[in-house]
Amino acid sequence: MQPEPIPGLPRDGGGVKRVAPLELFFDLVFVFALTQVTALMANDEGWSGLGRGMLALAAIWWAWAAYAWLTNEVDPRRTGVRLAVCAAMVAMLLAALALPGAFGDEALLFACSYLGVRVVHVGLFAAGSDSDDVRGAVRALTPPAVAAPAALIGAAFLEGWAQAAVWIAVLAFDYVTGGTRGIGGWRLSPGHFAERHGLVVIIVLGESIVSIGVGLADASLGAGELLAAALGVVIAATMWWVYFERAAEDGEAALGRARPGLERNVLARDIYSYLHLVMAAGIVLLALGIKQSVAHVEEPFRAVDALAACGGTALYLLGLVAFRIRTEGIRDGRLVAAAVACLLLVAPALVIASAWTLAALAAAGVAVIATQHAQRATQARERPSR
C-alpha cells in the first residue's frame, strides 16, 4: 500500500518524505547541547549533578522533539523555514552554552534562550503549514508551549530544591500538555519520523564516543586507558546494533499500520517523543560513566558513576523493551535479562577497576546481539517448512 500523500512536503522518488539536510544541520547544536549535559553532571560530581543533568536533558530533548514534529510537516526548502530554523539554532546554541550553569550563574541566560527556541517553533508551525487541522493543533498547543519554558525564567531566581521543584513541575506540565493538546491534528509521515529518530539515536551514541576523548584529554595513554576507550566504543556499538537490528524497522512498520490521525500520532508520541527520551537518558548516563572510567581506569567507580554506567545501560535496554511492547506487544526477555545483569553490576563496580566494569557491560551487549542472531537463524530455518 502506498503511503498517503501530504501536500507541500519534499519526497524521494517513491513518494516518501525523507530527512532533509536542514534537519541534520539543526542537529549540530543538539549534539553540542548533549556534550554540555555531560559537562554539567561531570562538574557537579554528586547525586544533585546527576539529577540536574537529567532535568536539563529532558528540557533540550523536548525542544528537539518539537522540531522533529515541525520538520515532519513543513517544507524545509522554503526560505522562511530555513531562516527560522537557523534562528532557532542560534537560540539553542546560547542555551547549550549556558547549560552547565543552568542551575547557577547562567540560569537566566539558559531560560531566555530556551524560551526563544520554543517561541520560534510554534511561530514557524503556525506560518509554515497549509492545513487547517495543523493550525488548529498549533493554537491548542501554543499557550502551554510558551508558558512552560517561560516559567523557567522564574526558576532562574531560585536555588536548590526550590529551583529543582519548579523545573520538575514545568517539565511535567510541558510533557503532558505537549503530548495531548491538539495531537490528533498533526499529519505524520511514518518513514520520515522513524528515520529522524534513528538518526538522533546515532547522534546521542556519538556523545559516548566524545566522552572517551574528553575523559582522556588530561590522561596518559597507557594500556589501561586504551583498553577502557576500546571497551567504551564496543558498548556504544552494541547499543547501536541492538537498536538498528529491530527497533528502527519495527517502529516505522508500526506507524505505517496505525490509522492516520490520532491513532498514529499517539503511537509516534509514545515510542519516539517519550520512549526515545528514556533511551537517550540511558546513553547520556553511560557517557558520563565512560568519561569517568577512562580518566581513572584503575580505580573503582564512585557510587554515582557506577549507577550512571551500569544503570544507564540498563535504562537504555529497558527503553527498548518498552518500545517493543508498544509497537509489537512483545516483551523481549533477552533485553530484560541483560538490563537486570547490568543493574547487578553496580555493587561490584564499587570495588573492582572501572575498566573491568566496562568489560562486563560490553559482554552483556555482545550476548544480546548473539542471542538475537541465533533467534533469527532459527526462525529462518523454520520458515520454509511452514
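Definitions and limits used
- Residues numbered from 1 in each chain as written.
- Predicted model: local features only at pLDDT ≥ 70, side-chain atom pairs only at ≥ 80, totals over all residues.
- Heavy atoms only, no water.
- Helix = DSSP H or I, 4+ residues; strand = E, 2+ residues; numbered from the N terminus.
- Expected span 1.5 Å × (residues − 1).
- Buried < 20%, exposed > 50% of the residue type's maximum accessible area, 1.4 Å probe, protein only.
- 1 Å grid on protein atoms, 1.4 Å probe; cavity = no way out; pocket = protein on both sides within 12 Å on 5 of 7 lines; lining within 4 Å.
- Points joined across faces, edges and corners; volume = space filled by probe spheres on them.
- Nonpolar A, V, L, I, M, F, W, Y, C, P; charged D, E, K, R; others polar.
- Salt bridge = Lys/Arg side-chain N within 4 Å of Asp/Glu carboxyl O.

As a further point, take helix H2 (residues 47-73). A rise of 1.5 Å per residue sets the reference length of H2, with its 27 residues, at 39 Å; its end C-alpha atoms lie 40 Å apart and thus fit the reference within 8%. Counting buried positions over the 27 residues of H2 gives 22, a clear majority of the element.

Looking now at empty space enclosed by the protein. The rolling of a water-molecule-sized probe over the atoms marks out the regions of remaining empty space. Scanning all chains against the criterion turns up 7 cavities of 30 Å³ or more. Considered as a void within the structure, the largest cavity measures approximately 200 Å³ in volume. Residue assignment for the lining of the largest cavity shows that the elements contributing at least two residues are H2, helix H4 (107-128), helix H5 (132-155), helix H6 (160-178) and helix H9 (262-295). Tallying contributions element by element places H2 first for the lining of the largest cavity, with 4 residues. Class assignment for the residues of the lining of the largest cavity results in 9 nonpolar, 4 polar and 3 charged. Here the second largest cavity defines a volume of roughly 80 Å³. Lining the second largest cavity are 13 residues, and of these Thr238, Met239, Thr313, Leu317 and Gly365 sit closest to its centre. In the lining of the second largest cavity, the residues fall into 10 nonpolar, 3 polar and no charged.

Counted according to the given criterion, the structure contains 15 salt bridges. A salt bridge links Asp27 to Arg196; the shortest N-O distance between them is 2.7 Å. Linking Asp27 in helix H1 (residues 21-43) with Arg196 in helix H7 (residues 190-215), this pair joins segments that are 169 residues apart in sequence. In this structure Asp27 comes out as buried when scored by relative accessible area, which is 2%. Measuring nitrogen to oxygen at the nearest pair gives 3.5 Å for the salt bridge that ties Asp332 to Arg334. Residue class for Asp332 comes out buried when judged on its relative accessible area of 3%. What you see here is one network of salt bridges that share partners, running through Glu23, Asp27 and Arg196.

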